[in-house]
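# Structural description and commentary
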Amino acid sequence: MRNSGLVFSFEFKSILRKKSYLATTIVLCLIVIAAVIILSFLVNKEELSEDTDSDVLFTDEDVNDILSDGGYYTATDELKDFSLLKNIKQEFADEDSLKTALSNDEILFGVVFYSTSDFAFMVNGEQNPIAGAFIEQQLLNFNRTNYFEANNIDPELITGIYNVQVNATNIDISQKGIGNFVFAMIYTVLLYMLIILYGTTVSSSVAREKDNRTMELLIANTKADYLIIGKTLAAGLAGMLQILALIVTLLLSLKFSGQDIIDLIGGFIELNATTIITMVLFGLTGYISYLFIYAALGALVSKMEDVNYAVTPVMLIFIAAYLIAIYGMGNPHSLLLKVASYFPLTSVLTMPVRTILLNISPVEIMISAAIMLASIAIFSFLAIRIYRLGSLNYGNRMKFGKTLKMILRGEDS
Amino acid sequence: MKLKLNNINKSFGKLHVLHDVSFEVDSGRAMGFLGRNGSGKTTSIRCIMDIFKPDSGEILLDDQPFKPRELKVGYLPEERGMYSKEPILEQLIYFGQLRGGSKAESKKSAEEWLERFELSEYANKKLEVLSKGNQQKIQIIQAFLNDPEMIILDEPFSGLDPVNAELFKDAIRDAIKKNKLVIFSSHQMGYVEEFCDDITLIDKGDILINGSLADVKAEMSQDKYRLEAANLNREQLEQELKQIESDLNLEQNLLANEDKISLIINLSNIAPNNFLQKVIAADVQIKNFSVYLPTLTDVFLHYVKEHDLLTNGINEQDAEKARDVSF
């Protein structure tokens with residue numbers, strides 16, 4: 001196992017030294033920081049506008065600004081106490097003279113009051129919805145106040161009745177809150193990125209060693225098992241470090257942006273020990289087993305340009321797992337999600353999603369975990385054998401089925 | 001230390017590549033492994049290195065099963081390969097460690113070899129920045145790291161200029177002096193002849209010769225003499241010999257020769273002194289009469305052509321005759 005450690009150390013340092021690794025990590029961290037800054041800005045702005053709205057709707061200055069460029073004509077005397085009329089720039093003797101002034105652009109809008117509950121708001125091409133809505137609201141208040149006074153009703157009593165609020169919350173005891181939905185989404189996307197990115201890294205790395213003929217030297221000096229284990233774990237750790245960097249950046253950004261992290265996490269996301277263990281167990285084992293599979297597929301080709309063809313089948317399976325997980329977030333009780341959470345190549349994403357969103361029985365989780373662990377043992381064994389067999393084949397791309405048959409016939413040993 | 005291959009067979013699918021391959025190599029002696037392209041040299045070497053598992057047969061080191069990863073074996077594969085984008089010293093240390101050396105030991109060894117091959121200034125550079133010849137030297141260095149007990153070099157001289165080849169030759173000579181077991185395959189017969197005490201010749205997966213080069217040459221030169229005349233060219237000399245000695249049976253005993261001026265004759269039917277007297281009596285002015293010493297190329301062609309004839313269905317006796325006529 002000493003050589004596994006050597007391979008791991010060499011490969012790990014090699015990945016960390018790569019400019020592309022450093023650049024990707026920095027760019028992703030910057031994206032996280034930018035996202036937090038934008039979110040923080042939007043939240044602050046919303047809070048500010050909510051504060052403004054709740055205190056004062058319109059100041060006197062606002063009213064003057066809104067109404068000062070208009071004119072009105074009233075056909076009824078009942079509006080003589082309507083205080084708003086004082087703010088409108090000009091009163092007209094009749095409707096026609098108001099229209100003439102409006103058409104000559106002497107005023108920007110005109111209001112014709114036919115009665116206390118009927119008025120026309122006129123403009124000459126240039127719309128002014130704020131003034132119209134404002135006048136309508138004020139006229140409604142004027143009528144209500146008059147009605148309350150005429151009938152000896154206390155206006156505050158009425159306001160109180162209408163301001164009573166009822167808070168209704170729908171609770172499904174099998175399902176967790178919206179915070180968990182967001183958390184499941186983040187978990188799925190991060191794990192998807194991690195597996196696709198580092199799976200491809202591992203398969204390319206293996207294919208490159210065949211392409212540049214380093215493989216023969218490596219195989220001559222150490223066992224294929226040690227090579228694939230060291231290489232896979234190195235890429236795995238490099239990927240997890242990158243994710244860790246993103247999480248730390250996110251938490252620090254939230255802290256410095258003034259958001260209360262404890263509230264943010266504790267207030268919305270409901271995670272218990274079972275959920276956390278499931279996420280770690282399935283995430284880690286699934287990630288490593290996919291990396292083993294990618295490494296084995298990389299060993300089937302001899303040229304770098306063939307890597308994409310070799311990894312396509314497993315990538316399609318993984319994309320299917322991702323789509324099922326995304327679909328399952330909207331339909332966590334669906335049969336598809338449930339079935340996928342027992343299938344090893346899809347349970348890596350789907351079982352954690354179910355556990356994050358629903359209260360799943362520990363028995364279900366344990367059955368799926370047992371299947372997952374058994375599959376990993378099989379995948380790792382096959383991956384090592386495929387890697388051993390493929391590592392010295394410099395000819396055409398080896399077919400997966402044919403390679404499996406050779407392994408079953410023991411031609412790899 | 002004695003490395004012994006016993007009846008190694010290896011097939012790839014229906015293609016039987018090695019047929020009962022057997023040979024021995026002793027430490028302190030260099031063994032030249034010769035063969036045409038596709039003859040089975042690299043497959044045999046890969047079997048020794050446990051890269052390929054033989055279908056049958058055994059590989060022994062001092063009569064014990066040979067496990068190359070448990071011994072320090074320096075290996076230079078035919079298909080050269082190292083990490084082009086990694087610093088040179090770092091990857092040399094890595095390969096040294098994979099072979100069982102400690103980090104400090106591997107670093108010290110790598111630095112010494114870099115200095116010996118005049119590449120110290122590139123220690124921290126990536127391999128890809130070096131010229132092809134210098135990359136070849138780095139690959140050779142990795143085979144010599146950590147003072148290996150056994151050194152296996154597959155076509156080591158390809159791509160080396162004469163100056164670098166000389167550096168490399170010194171390294172091989174030193175290894176032989178230090179009692180290392182050295183195997184190297186090459187198409188360049190001159191290099192093999194220069195270093196190798198022993199040769200193994202493989203053709204179409206069959207071992208044709210395994211033994212001391214001197215013995216092989218001695219066997220080939222037995223009863224064979226080179227004759228050159230000052231007053232006759234080769235064709236005229238051949239005609240003259242046919243007239244003066246019918247017992248000589250020239251049809252059988254005159255051997256093929258690339259040389260346009262001398263003849264190589266098998267004198268197993270006549271004492272050399274008698275033959276010489278008859279030639280002198282025929283007024284041939286002898287310029288050179290000497291024991292024939294075959295070159296390694298002669299040895300190679302001799303056995304490969306014989307094997308060709310045998311594998312093409314001609315019986316052994318006829319093949320031997322044809323071989324003698326043809327070399």
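Attention here is on the structure that accompanies the text. Note that the structure is predicted; figures quoted are calculated from it, not measured.

All names here are of chain B. Between helix 2 (residues 88–98) and helix 3 (residues 103–116), whose axes approach to 8 Å, the crossing angle comes to 125°. Considering their axes alone, helix 2 and helix 3 lie oblique with respect to each other. The handedness of the crossing between helix 2 and helix 3 comes out as right-handed. In this structure, helix 2 uses I88, L89, L92, I93, G96 and Q97 to contact helix 3, whose residues at the interface are K103, S106, K107, A110, E111 and L114. Of the residues contributing to the contact of helix 2 with helix 3, the split by class is six nonpolar, three polar and three charged.

Residue and element names in this part refer to chain B. Within the open sheet, the six strands sit side by side as 6-7-8-3-9-10. Their pairing is mixed. Of all the strands in the sheet, the pair left with one neighbour each is strand 6 (73–76) and strand 10 (206–212). Neighbour-to-neighbour, the strand axes of this sheet turn through a mean angle of 10°, independent of strand direction. Sheet topology note: the strand 3 (residues 30–35)/strand 8 (residues 181–185) ladder contains four bridges and is parallel. By the bridge assignment for strand 8, M31 is matched with I183. Relative to strand 3, helix 1 (residues 41–48) is tilted by about 135°, and along the sheet it contacts strand 3, strand 6, strand 7 (150–154), strand 8 and strand 9 (198–203). Contacting strand 3, strand 7 and strand 8, helix 5 (residues 162–177) runs over the sheet at an angle of about 145° to strand 8.

Turning next to unusual backbone geometry. Even without glycine at this site, D105 of chain A takes up a positive phi of about 60°. Tracing the backbone through its elements, the reader meets D105 of chain A in the loop between helix 4 (95–103) and strand 3 (109–115). A positive phi angle, near 50°, is found at D62 of chain B, a position not held by glycine.

Residue and element names in this part refer to chain B. For the structure shown, the criterion picks out 31 salt bridges over all chains. The salt bridge involving K4 is made with E24; its shortest N-O contact spans 3.9 Å. Placement of K4 in strand 1 (residues 2–12) and of E24 in strand 2 (residues 15–26) is noted, with a sequence separation of 20 residues between them. The exposure class of K4 is partly exposed, given its relative accessible area of 24%. Taken together, the shared-partner salt bridges connect E166, K169, D170, R173 and E194 into one network.

About the criteria used
Residues numbered from 1 in each chain as written. Chains lettered and ligands numbered in written order. Predicted model: local features only at pLDDT ≥ 70, side-chain atom pairs only at ≥ 80, totals over all residues. Heavy atoms only, no water. Axes fitted to C-alpha atoms, helices over the stretch in contact; angles between N-to-C directions. Helix = DSSP H or I, 4+ residues; strand = E, 2+ residues; numbered from the N terminus. Parallel < 35°, antiparallel > 145°, perpendicular 65-115°, else oblique. Left-handed = near helix turned anticlockwise from the far one by under 90°. Contact = heavy atoms within 4.5 Å. Nonpolar A, V, L, I, M, F, W, Y, C, P; charged D, E, K, R; others polar. Pairing = 2+ DSSP bridges. Salt bridge = Lys/Arg side-chain N within 4 Å of Asp/Glu carboxyl O. Buried < 20%, exposed > 50% of the residue type's maximum accessible area, 1.4 Å probe, protein only.

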